[in-house]
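Residues per chain are reported as follows:
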Protein chains: 4
Amino acid sequence: MSANWCGEAAAVVTLTFDVDAETPILARGRGYARHATTMSHQAYGPEVGVPRILDLLDDLEVPATFFVPGWVAEHRPGLTKSIVERGHEVAHHSYSHRPPTSMTPEEERADFVRALEVFSAQGVEIVGHRAALWEASWQTTELVAEHGLLYDSSLMGDDRPYRLPTEHREIVELPVHWSLDDWEQYAYLPDPHIGSVIESPLKVLEMWRAELDGMRHYRSLFNLCAHPFLSGRPGRALALRRFVEYALACGDVRFARCRDVAEAAAADPGLTRRPHRAPETDSLVYPR
Amino acid sequence: MSANWCGEAAAVVTLTFDVDAETPILARGRGYARHATTMSHQAYGPEVGVPRILDLLDDLEVPATFFVPGWVAEHRPGLTKSIVERGHEVAHHSYSHRPPTSMTPEEERADFVRALEVFSAQGVEIVGHRAALWEASWQTTELVAEHGLLYDSSLMGDDRPYRLPTEHREIVELPVHWSLDDWEQYAYLPDPHIGSVIESPLKVLEMWRAELDGMRHYRSLFNLCAHPFLSGRPGRALALRRFVEYALACGDVRFARCRDVAEAAAADPGLTRRPHRAPETDSLVYPR
Amino acid sequence: MSANWCGEAAAVVTLTFDVDAETPILARGRGYARHATTMSHQAYGPEVGVPRILDLLDDLEVPATFFVPGWVAEHRPGLTKSIVERGHEVAHHSYSHRPPTSMTPEEERADFVRALEVFSAQGVEIVGHRAALWEASWQTTELVAEHGLLYDSSLMGDDRPYRLPTEHREIVELPVHWSLDDWEQYAYLPDPHIGSVIESPLKVLEMWRAELDGMRHYRSLFNLCAHPFLSGRPGRALALRRFVEYALACGDVRFARCRDVAEAAAADPGLTRRPHRAPETDSLVYPR
Amino acid sequence: MSANWCGEAAAVVTLTFDVDAETPILARGRGYARHATTMSHQAYGPEVGVPRILDLLDDLEVPATFFVPGWVAEHRPGLTKSIVERGHEVAHHSYSHRPPTSMTPEEERADFVRALEVFSAQGVEIVGHRAALWEASWQTTELVAEHGLLYDSSLMGDDRPYRLPTEHREIVELPVHWSLDDWEQYAYLPDPHIGSVIESPLKVLEMWRAELDGMRHYRSLFNLCAHPFLSGRPGRALALRRFVEYALACGDVRFARCRDVAEAAAADPGLTRRPHRAPETDSLVYPR
């Protein structure tokens, strides 16, 4: 039996859904709570998108991971349970969706812990974390290690899982990338401005297929990040379905929850270890 | 006979045209009235686009709904009549096209009422409303209910019609979405900046077909929002025609005016009711 | 013989080239003259693009109109002659390429006249004008009429030529549109920011074909605006060639210089007359 | 034997890779060193992208040129050696990646020299230079000539190599262009904002093929600029491979390092000489 993180597969697909709901908007200013249309645009995610995606995953018999901000879990009490009872993973996606780089270390720590408390109160076991807006600080992965989680999924230093040394112990990083995020393809909102281009689902399907082919060539982790308020819409859900069908038809692609990949990666003695520290900068070279 | 809002159809298409003319530009600053080219760019909508679209609808024998700001109806006296006498619906699209979220509650109310007065003076019956820039406040739907209208079409909480409780009574929401708006695909204007990408009509046609296919799968409302100053142009009008022909050829798609969909939805006992209230926010969680 | 502006043709194509060179950049700040790469990017237009385009037009035996800022004609003395002697039209494109809406009426007038003086000194007959950045003021067309020109090509009120009343006399407007401009498709420059998307020439070719098909349907003026610093590049010049070949193969498309279209339009008794005046605005309705 | 810079080929392809790593981000503010995700996004270039690209070049047996900022060479000591020993060229790409137009002449000179010192200490022979962000000042090419380099590759005045007079002597310019840069197609980063659109590798492949076809028509230099942190990703690396395979299959395209093209160009008596000086600007014409 192979001890390689991806086993016999040419590439591994982790379908992940960031159930952000209203949080990324409120993080831009709580005054946006006054914007009724925008709030309804975000509520669509947990209300319409998540049930539709859960049905789609059932149909296709593939597992997934849902990254949920603590605030969202708290405000929609049945949400995490509805995900877990369908066999999927719920993971930590901050409490407020404020990015770590915008907070003091103390604020980030408090936000991190508060989310853990929400999940604990709901009886949801958490082994992985993803930073809000993919804006991790250097402290972020320390918090992940310190609180006993197995993996982080916020960095972009590779396209395969890698070991990340921290002060406490090693964790596994399941790297993400902007090109495997539906936000850049679909998100449009003028105020707050979160994106300005709306691509066709056919373009997105084409691009994800091309990226999967590249990853099968290079034996990578296709760590897809989709948002229920975006990819939960009818035409996009259909494109997601076509993508999964394509990947299944390849015959050499494995679908897994993030926690399963992280466990396999942690057990792989050949996994790359990548240093993780801030570059030193000199104010004479970079005066700004 | 089915009491379901969509009857026997797999999806319902409401073709809606927002006849904004100069108003979205003047709402950005009345000084833009000095910009002759920009004013002509907007005037194209009612002057060239609307007659062309009315002919296209006649040709294809499909009904439509035209959302008209009161200011536009007032400044072009024959406009609403030319629409109504071809069998289409005229609906309320604010007076000034200033977004409700940018106004005080009193300003929004005055703007709302002033538009109703214009339509009343022109003998146009109004049963539906759409907020300017899809930037409804929480008061917006209260105004819709208070003034006896049947439906609103400004929110994004679903992709099917839904019931919306208000202080006065329930109204029907016919939800919109950025992905079914021609603005994001075609609008380009550097000053004021209203958009910066010009997509090919073929991309737009492809995307709308993909979305309609998704909506036929999920039994949704394809609530298309087009603007005569954009989709009235020759190549885009041709793409719109191809889209309608595609939908008609599907055999399971129904075309209707918004008011007809709203009436069917109001009569459907199984229609989803969605709560409609501002999320509570805590300044400790969201300090900005 | 038909007195209709487009004769027997289904659509008329005017190939126009705005030879802006450095002017749109300097108009954003004369300090950009310090940016050597950016200056070379703009100089490519007259130095490499124009000769290539002149050869392409010869090959395909189609006429064109070149809108040249007076500053450019002055700084590159042989330029206008090289265009005229190949049978093409040179037209007025301001002196400095500063947009009329950014100038006082006196500044706009002085800029307008100074360009006429340059062309006069070079022995170039001028009968048409296009405002810099398509940002005409209400005075712009008055200046065109007052100085005896036949046509303007800066407005967007139709997709066919139209009559424009001025205080002096009627002129002909040959309307432009953002969707028939290569700038929105190809221009990229971060500082000054003039655009941020670079489309494939194949997308542009597809879009222009689709627009021409629409215009053949509606009997319109395909008034293409290309820039030698953009469309003069190899792959784009090839796409322009393919477009012209497509239009020629249609069999019902006529190519003409702007002046020829303007003369035919002026002689067409059925040509639409469009009012041309600033909308009245009320500071109570539009307070900003 | 032909003395023409491109020999018998219809077009010449120089594959160039700008190994920027963290520098373009730190140049926007050294505070970005706090952003762990962003730093990992940039580190991917030298850590994952460069080895993958070196293997790809070996497979396809084509040479390339790597433009490396001195700071990057210094912080990753084995990098330049790993490139040179595979037969490729390393060239000068500033020390800090701060654009020359943002520095004083003294700062630019110091930055230029410091990079030369790094390369000298690493035993890397340097004959060419490319300005950071393609934002050369008028001094930039003087520095290139003064320090005895053979060529610059930062300007956009042509699509073929050209002679550039300087105060010291003539150098060769190998011009670049935004349309042959992968940054505009792939770069996405919200903070600092470096780009906002993520195109499909298939679109990019199509566009580069179209541009190569145009360049074969016009006998030009296809000076591709790719970034390992962008084009090193799996799907994009596959598209790059497809592009090279397409060019090789054309049969009339030659691949070369920049230094080889520059040497051939320097020896070509028919090479165009282009003036290189700032346009004179008049504060009455351009008051800003």
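Heads up: the structure comes first, above all this text.
Residues numbered from 1 in each chain as written. Chains lettered and ligands numbered in written order. Predicted model: local features only at pLDDT ≥ 70, side-chain atom pairs only at ≥ 80, totals over all residues. Heavy atoms only, no water.

Visitor: Account for the overall build of chain A, naming residues and giving values.
Guide: On a plain count of helices and strands, chain A comes out with eleven helices and eleven strands. Relative to the 2.2 N^0.38 estimate, which gives 19 Å for 288 residues, the radius of gyration of chain A is 18 Å and therefore close to what a compact globule would have. The proportion of buried residues among the 288 residues of chain A is 68%. Taking contacts inside chain A between residues at least 6 apart in sequence as the whole, the part at least 24 apart equals 72%. (Helix = DSSP H or I, 4+ residues; strand = E, 2+ residues; numbered from the N terminus. Rg over C-alpha atoms; globule rule 2.2 N^0.38 Å. Buried < 20%, exposed > 50% of the residue type's maximum accessible area, 1.4 Å probe, protein only. Contact = heavy atoms within 4.5 Å.)

Visitor: Let's hear about a negative patch on the surface: which residues, and what values?
Guide: A cluster of acidic side chains, namely Glu206 of chain A, Glu206 of chain B, Glu206 of chain C together with Glu206 of chain D, defines a negative patch on the protein surface. Among the structural elements, glutamate 206 of chain A can be located in helix α8 (residues 201-218). (Patch = residues over 30% accessible without salt bridge, like charges linked within 9 Å, V, L, I, M, F, W, Y side chains within 5 Å. Areas by Shrake-Rupley, 256 points an atom, 1.4 Å probe, with all protein chains shown as cover. Salt bridge = Lys/Arg side-chain N within 4 Å of Asp/Glu carboxyl O. Lys, Arg positive; Asp, Glu negative; His and termini not counted. Charge placed at Lys NZ, Arg CZ, Asp CG, Glu CD.)

Visitor: I'd like a rundown of helix α2 (residues 36-60) of chain A, residues and numbers included.
Guide: End to end, α2 of chain A covers 35 Å across 25 residues, agreeing with the expected 36 Å (1.5 Å per residue, within 8%). Glutamate 61 of chain A, located one to two residues past α2 of chain A, shows a positive phi value of around 55°. (Expected span 1.5 Å × (residues − 1).)

Visitor: Which residues make up the pairing of strand β1 (residues 11-18) of chain D, and what values go with them?
Guide: All names here are of chain D. Within β1, eight of the eight residues are buried, which leaves it mostly tucked inside the rest of the structure. Direction of pairing for β1 relative to strand β11 (residues 253-255): parallel, over a ladder of three bridges. Paired with valine 12 across the strands is arginine 254, a residue of β11. With six bridges connecting them, β1 and strand β10 (residues 221-226) associate as parallel partners. Following the sheet pairing, valine 13 is matched in β10 by phenylalanine 222. The pairing of β1 with strand β2 (residues 64-68) spans four bridges and is parallel. Each bridged residue has a counterpart across the sheet, and for aspartate 18 the counterpart in β2 is phenylalanine 67. (Pairing = 2+ DSSP bridges.)

Visitor: I'd like to hear about the environment of tyrosine 188 of chain A, residue by residue, with values.
Guide: Following the sequence through the fold, tyrosine 188 of chain A ends up in strand β8 (residues 188-190). Overall, the relative accessible area of 11% leaves tyrosine 188 of chain A in the buried class. Separated by 42 residues in the primary sequence, tyrosine 188 of chain A and leucine 230 of chain A have C-alpha atoms spaced 9.5 Å apart. Look past the residues within four positions of tyrosine 188 of chain A in its chain and what remains in contact with it is His41, Ile194, Gly195, Ser196, Val197 and Ile198 of chain A together with Trp178, Trp183 and Glu184 of chain B. Polar contacts involving the side chain of tyrosine 188 of chain A include one to the side chain of glutamate 184 of chain B, which spans 3.5 Å. (Polar contact = N/O pair within 3.5 Å; in protein donor to acceptor, adjacent residues only side chain to side chain.)

Visitor: Can you tell me about the relation of the copies chain A and chain D, naming the residues and giving the values?
Guide: Superposition record for chain A on chain D: RMSD 0.0 Å, screw rotation 90°, translation along axis 0.0 Å. These values place the two chain copies in the arrangement generated by a four-fold rotation axis. For chain A, the smallest separation between a C-alpha atom and the rotation axis is recorded for valine 197 of chain A, amounting to 5.4 Å. A different interface surface on each copy is seen, since only 7% of the contact residues of chain A are contact residues in chain D too. (Least-squares fit on C-alpha atoms with pLDDT ≥ 70 in both.)

Visitor: Just give me the short version of the interface of chain B and chain A, but keep the residues and values in it.
Guide: Taken together, the 45 residues of chain B in the interface contact 44 residues of chain A. Counting the surface lost from both chain B and chain A, the interface buries some 3,800 Å², and carbon and sulfur atoms represent 57% of this. By the criterion of area lost to chain A, the three top residues of chain B are Trp178, Tyr218 and Tyr286 of chain B, representing 19% of everything that side buries. Seen at the junction of chain B and chain A, the total is one salt bridge. The shortest N-O distance in the salt bridge between aspartate 159 of chain B and arginine 52 of chain A comes to 3.0 Å. Scanning the region where chain B abuts chain A turns up 22 residue pairs in polar contact (both at pLDDT 80 or more). Of all the elements in the fold, those that place two or more residues in the side of chain B that touches chain A are α7 (183-186) and α8 (201-218) of chain B. (Buried area = accessible area lost by both parts, 1.4 Å probe.)

Visitor: Pulling in residues and values, what's your account of the interface of chain A and chain D?
Guide: With 45 residues of chain A at the interface, the matching set in chain D holds 45 residues. Interface area, chain A with chain D, both sides summed: about 3,800 Å², of which 57% is carbon and sulfur. At the boundary of chain A and chain D, one finds one salt bridge. In this structure, the connection of chain A to chain D is made through 22 residue pairs in polar contact (both at pLDDT 80 or more). Secondary-structure elements contributing two or more residues to the side of chain A that touches chain D are α7 (183-186) and α8 of chain A. Looking at the side of chain A that touches chain D, the element that brings in the most residues is α8 of chain A, giving ten residues. Classifying every residue of the side of chain A that touches chain D gives 19 nonpolar, 13 polar and 13 charged. (Nonpolar A, V, L, I, M, F, W, Y, C, P; charged D, E, K, R; others polar.)

Visitor: I'd like a description of the pattern of salt bridges, backed by residues and values.
Guide: The full count for this structure, using the stated rule, is 73 salt bridges over all chains. Arginine 216 of chain C is the partner of aspartate 213 of chain C in a salt bridge, and the nearest nitrogen-oxygen pair spans 3.1 Å. Taken together, the residues aspartate 213 of chain C and arginine 216 of chain C, both in helix α8 (residues 201-218) and three residues apart, mark about one turn of the helix. What makes aspartate 213 of chain C partly exposed here is its relative accessible area of 25%. Each of Glu22, Glu47 and Arg76 of chain A takes part in salt bridges that share partners, so that together they form one network.

Visitor: I'd like to hear about the side chain of threonine 65 of chain D, residue by residue, with values.
Guide: Residues and elements named next belong to chain D. Within the secondary structure, threonine 65 is located in strand β2. Here threonine 65 falls in the buried class, since its relative accessible area comes to 0%. In this structure the side chain of threonine 65 is engaged in a polar contact, spanning 3.0 Å, whose partner is the side chain of glutamate 89. Apart from residues no more than four positions distant in its own chain, threonine 65 is found in contact with Leu15, Thr16, Phe17, Glu89, Ala91, Tyr151, Arg257 and Cys258.

Visitor: Now, about unusual backbone geometry: what can you tell me, with residues and values included?
Guide: Following aspartate 191 of chain B, the chain continues into proline 192 of chain B via a peptide bond in cis, with omega recorded as 0°. Tracing the sequence through the fold places proline 192 of chain B in the loop between β8 (188-190) and β9 (193-196). With a phi angle near 70°, serine 94 of chain B is a residue other than glycine that sits in the positive phi range. Inspection of the secondary structure assignment puts serine 94 of chain B in the loop between β3 (89-92) and α5 (105-121). The backbone phi angle of alanine 21 of chain C is positive, close to 50°, even though this residue is not glycine.

Visitor: Pulling in residues and values, what's your account of the packing of aromatic side chains?
Guide: The relative placement of two aromatic rings is captured by the distance of their centres and the angle of their planes. Throughout the structure, instances matching the rule amount to 28 aromatic pairs over all chains. Pairing tryptophan 208 of chain A with phenylalanine 243 of chain A gives two aromatic rings, centres 6.2 Å apart and planes at 75°, and the pair type is edge-to-face. One end of the pair, tryptophan 208 of chain A, is in helix α8; the other, phenylalanine 243 of chain A, is in helix α10 (residues 234-250), and 35 residues separate them in sequence. When sorted by exposure, tryptophan 208 of chain A lands in the same class as phenylalanine 243 of chain A, which is buried. The residue whose ring lies beneath arginine 130 of chain D is phenylalanine 67 of chain D, and the NZ or CZ to ring-centre distance is 4.0 Å. (Phe/Tyr/Trp six-rings, centres within 6.5 Å; stacked < 30°, edge-to-face > 60°. Lys NZ or Arg CZ within 6 Å of the ring centre and 35° of its normal.)

Visitor: Would you mind going over helix α2 (residues 36-60) of chain C in detail, with residue names and values included?
Guide: Along its length, α2 of chain C shows its largest kink, about 40°, at glycine 49 of chain C, and proline proline 51 of chain C lies within four residues downstream of that point. With 20 of its 25 residues buried, α2 of chain C lies for the most part within the structure. (Bend = angle between axes of the 7 residues up to and from the residue.)

Visitor: If you had to explain the relation of the copies chain B and chain A to someone new, which residues and values would you point to?
Guide: Overlaying chain B on chain A yields an RMSD of 0.0 Å, the required transformation being a rotation through 90° with an accompanying axial translation of 0.0 Å. Looking at the interface residues of chain B, only 4% of them are also at the interface in chain A, so each copy uses its own face.

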